[in-house]
Amino acid sequence: MHLWMDLDWQPIWLTLRLALVTTTLLLLIGIPIASWLAYTRFRGKSILEAIISLPLVLPPSVLGFYFLLTFSPAHAVGQWLAMYLDVHLLFTFQGLVVASLFYSLPFMVHPIQAGLENLSPSLREAAYTLGKSRSETLWRVLLPNIKPALLTGIVLSFAHTIGEFGLVLMIGGNLPGQTRVASIAIYDEVELLRYDTAHAYALLLLAISFGILLAVYSINKRWVTF
Amino acid sequence: MRSWLVVVLFFLGSHLQAQKLRIAVAANAQFVVEKLQAEFERQTRIELEPIVNSSGKLTAQIQQGAPFDVFLSADMTYPNALYQSGQATTKPAVYAYGVLVLWASKDLDVSKGLALLTSDQVRKIAVANPKTAPYGAAATEVLTRQQLLGKLQPKIVYGESIAQVNQYLVSGAVDAGFTAKSVVLEPSLQGKGNWAPVKGAAPIPQGVVLLKGASANARRFYDFLFSPPARAIFQQYGYQLPSTSSTR
């Protein structure tokens, strides 16, 4: 019992905050991208789709390496961000958010895109015929019809961000309250041979992840069988 | 028939590889070990396989039964702990004394010493995790003693080992960092930044132990570390040497 009382909860809160911020932003970014990919055909669309899917297959260390170089104040992008916007993306929470946006993007875009593509075109055409604009059709007609896909996107992005490790290890700098997320804290505790603390964090992450997935599956089942 | 032969050779090959000596190396010694490896392999034809990490992480791995033969630590505490727990079969012996240096990007003047770190030019400082990396612990200790740690805390980021500190500095992610003299003397890293020894930091005694279950060849590498050619290589990389009649 002492363990739970003495446990440093900061890494857990930080992880949840990171996942929440990332998922919210991804929802805002992901919906327009997904609907654009679902409803338009253009040259180079495959290239864009391949780029968005890259984080599915790339080792996080590859992303981490490129982010490290890109965000570094010694290189053009990082220097520009620091000089003109006073934005620092290495060793900061903001940096983790930006990296997570790329890292979890396919988990948001893919379900929404698939959901939209599976809707009958007549739904969209009916809305247009009734004089609704493109964006109104999307928000009022199409999105309400793909709630399970939206939920899947939200949950997968959230869960995937919680599971982020290699990327944070490379660009985080292990700062308590800033970049020391739960997965890193577990790694640290194991290396320090404090297995009880590692157990506590691991168990919490396991419970959170399982709880989220359980909720999704039960909600989605209800929606499908209405 | 022939394809079977290929499969058999493949597995045989991986078995042969397992005969290599596995040397767990503290990050500060990663470059010097490459040199030692070349010399040792030339002398004995025994192949080495260095595994680089912070001393604390390597110790944790050894305690969990990692199949290493020899452990070159960055301090005496970790090898001592392994000796006490029976995972090391020899008493820790000092193979070299490491020197802590301040390494900063090219446009910074390190001759000012630690005072440089308080200037606005230095935005981020990399220190190896003091909980697992002896050079990180040494750096933290000096900063604490000079009452700079509190002031510098917002600028400090922690690397897994000094290997990550080096990587942060070389990639320009930080402006300054604490590393080992053996790193900044590595020929391939010349011109990457300015460095100066940290005043007030005592040389760090670094211990080596033979690990339980080590192969017979491990002893030869262990003895090699104290031979004149190896000592010359350590010296070339800025280490101070234990006297030849040390307590080995």
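Look up: the structure comes first, before these words.
The model shown is predicted, which means the values in this text are computed figures rather than measured ones. (Residues numbered from 1 in each chain as written. Chains lettered and ligands numbered in written order. Predicted model: local features only at pLDDT ≥ 70, side-chain atom pairs only at ≥ 80, totals over all residues.)

## Concerning the overall build of chain B
Rules: Helix and strand assignments follow DSSP, with helices taken as H or I runs no shorter than four residues and strands as E runs no shorter than two, numbered in order from the N terminus. Here the globule rule is a power law, 2.2 Å times the number of residues to the power 0.38, and the radius of gyration is based on C-alpha atoms. Exposure classification rests on a simple neighbour count of other C-beta atoms within 10 Å of a residue's own: a residue reaching 20 or more is buried, one at 12 or fewer is exposed, and one in between is partly exposed. C-beta atoms are placed from the backbone. Our contact criterion uses C-beta atoms placed from the backbone: two residues qualify when those atoms are within 7 Å.
A count of helical and extended segments in chain B gives 10 helices and 10 strands. In terms of C-alpha radius of gyration, chain B reaches 20 Å, essentially the compact-globule figure of 18 Å for 248 residues. Considered along the principal axes of its C-alpha atoms, chain B spans approximately 70 × 45 × 35 Å. Considering chain B as a whole, with its 248 residues, one finds that 48% of them fall into the buried category. Restricting the contact set of chain B to residue pairs at least 6 apart, pairs at least 24 apart contribute 77%.

## Quick word on the packing of helix α6 (residues 93-118) of chain A against helix α9 (residues 147-162) of chain A
Residue and element names in this part refer to chain A. The condition that has to hold: Helix axes use the C-alpha atoms of the stretch in contact, all axes being lines fitted to C-alpha atoms, and the angles between their N-to-C directions lie in the range 0 to 180 degrees. Orientation is classified from the angle alone, with under 35 degrees giving roughly parallel, over 145 giving roughly antiparallel, 65 to 115 giving roughly perpendicular, and any other angle giving oblique. Take the far helix as your reference; a near helix turned counterclockwise from it by less than a right angle gives a left-handed crossing, and one turned clockwise gives a right-handed crossing. Note that Gly is not counted as nonpolar here; it falls among the polar residues with everything else outside the nonpolar set of Ala, Val, Leu, Ile, Met, Phe, Trp, Tyr, Cys and Pro and the charged set of Asp, Glu, Lys and Arg.
Relative to each other, α6 and α9 sit at 160°, their axes nearing to 8 Å. The orientation of α6 with respect to α9, classified from their angle, is roughly antiparallel. Crossing of α6 over α9 shows right-handed handedness. Here α6 contributes Ser 100, Ser 104, Phe 107, Met 108, Pro 111, Ile 112, Ala 114 and Gly 115 to the contact with α9, which in turn contributes Ala 149, Leu 150, Thr 152, Gly 153, Leu 156, Ser 157, His 160 and Thr 161. Of the residues contributing to the contact of α6 with α9, the split by class is 8 nonpolar, 8 polar and no charged.

## So, unusual backbone geometry
Residue and element names in this part refer to chain A. A positive phi is found at Asn 174, a non-glycine position, where the angle reads about 50°. If you trace the backbone, Asn 174 turns up in the loop between α10 (166-171) and α11 (182-191). For Asn 174, a count of 22 C-beta atoms within 10 Å gives the class buried.

## Observations concerning the nonpolar core
The condition is simple: By convention the nonpolar core is taken to be a set of buried residues drawn from Ala, Val, Leu, Ile, Met, Phe, Trp, Tyr and Cys and joined through C-beta atoms within 7 Å. Domain extents, as shown, originate in an automatic or database domain assignment.
B:Val70, B:Phe71, B:Leu72, B:Leu100, B:Leu102 and B:Tyr135 are the most contacted members of the largest nonpolar core, which totals 126 residues. Take this core: its biggest share by element is 10 residues, from α6(A). In terms of domain composition, this core takes at least three residues from each of domain 1 (2-98 + 203-236) and domain 2 (100-197) of chain B.

## Let's talk about the pairing of strand β7 (residues 156-159) of chain B
Walk down a regular strand and you will see the side chains alternate between the two sheet faces. Residues and elements named next belong to chain B. This is how it is decided: Paired strands, as defined in this entry, are two strands with at least two bridges between them according to DSSP.
Where burial is concerned, the two faces of β7 agree: the one with Ile 156 and Tyr 158 and the one with Val 157 and Gly 159 are both buried. By the bridge criterion, 4 bridges tie strand β6 (residues 125-128) to β7 in an arrangement that is parallel. Paired with Ala 128 across the strands is Gly 159, a residue of β7.

## Observations concerning the interface of chain B and chain A
Every contact between the two is made by 13 residues of chain B and, on the other side, 14 residues of chain A. Looking at the side of chain B that touches chain A, the elements with two or more residues in it are α3 (55-63) and β7 of chain B.

## Focus on the sheet that holds strand β5 (residues 100-104) of chain B
Within a sheet, neighbouring strands are paired by backbone hydrogen bonds and run either parallel or antiparallel to one another. Residue and element names in this part refer to chain B. The sheet built from 5 strands is open, its strands ordered β7-β6-β8-β5-β9 with mixed pairing. The sheet terminates laterally at β7 and β9 (194-197), the two strands that pair on one side only. Pairs of neighbouring strands in the sheet enclose a mean axial angle of 30°, with direction left out of account. Helix α5 (residues 134-145) rests against β5, β6 and β8 (176-180) of the sheet, and its axis sits at about 125° to β6. Across the sheet, helix α7 (residues 162-170) lies against β5, β6, β7 and β8, angled at about 140° from β8, the strand it touches most.

## Regarding helix α9 (residues 216-224) of chain B
Residue and element names in this part refer to chain B. Keep this limit in mind: Note that the arc is defined by the directions from the helix axis to the C-beta atoms.
Among all positions of α9, only Ala 218, Phe 221 and Tyr 222 are buried. Taken down its axis, α9 places every buried residue within 105° of arc, on the same side. Seen from the open side of α9, the exposed residues pointing more than 90 degrees away from its buried face are Ala 216 and Asp 223. Tucked inside the fold, the buried residues of α9 contact β1 (21-26), α2 (30-44), β2 (48-53), β3 (70-72) and β10 (204-210).

## A short note on the environment of B:Ala81
Of note, B:Ala81 is situated in helix α4 (residues 77-84). Along the sequence, B:Ala81 and B:Gln63 sit 18 residues apart, while their C-alpha atoms lie 9.8 Å from each other.

## Regarding the sheet that holds β3(B)
Residues and elements named next belong to chain B. Spatial ordering of the open sheet is given by β2-β1-β3-β10-β4, a layout of 5 strands whose pairing is mixed. Pairing within the sheet leaves two strands with one partner each, and these edge strands are β2 and β4 (93-98). Adjacent strand axes in the sheet meet at a mean angle of 20° when their direction is disregarded. Pairing between β3 and β10: 3 bridges, direction antiparallel. By the bridge assignment for β10, Val 70 is matched with Leu 210.

## Some details on α5(B)
All names here are of chain B. Operational definition: Helix span is expected to be 1.5 Å times the residue number reduced by one.
Here α5 spans 16 Å end to end across 12 residues, near enough to the 16 Å set by a 1.5 Å rise per residue. Judged by how many residues are buried, α5 sits mostly within the fold: 9 of 12 residues are covered. Buried within α5 are the following residues: Pro 134, Tyr 135, Gly 136, Ala 137, Ala 138, Ala 139, Thr 140, Val 142 and Leu 143. Backbone geometry just after α5 places Gln 147 at a positive phi near 55°.

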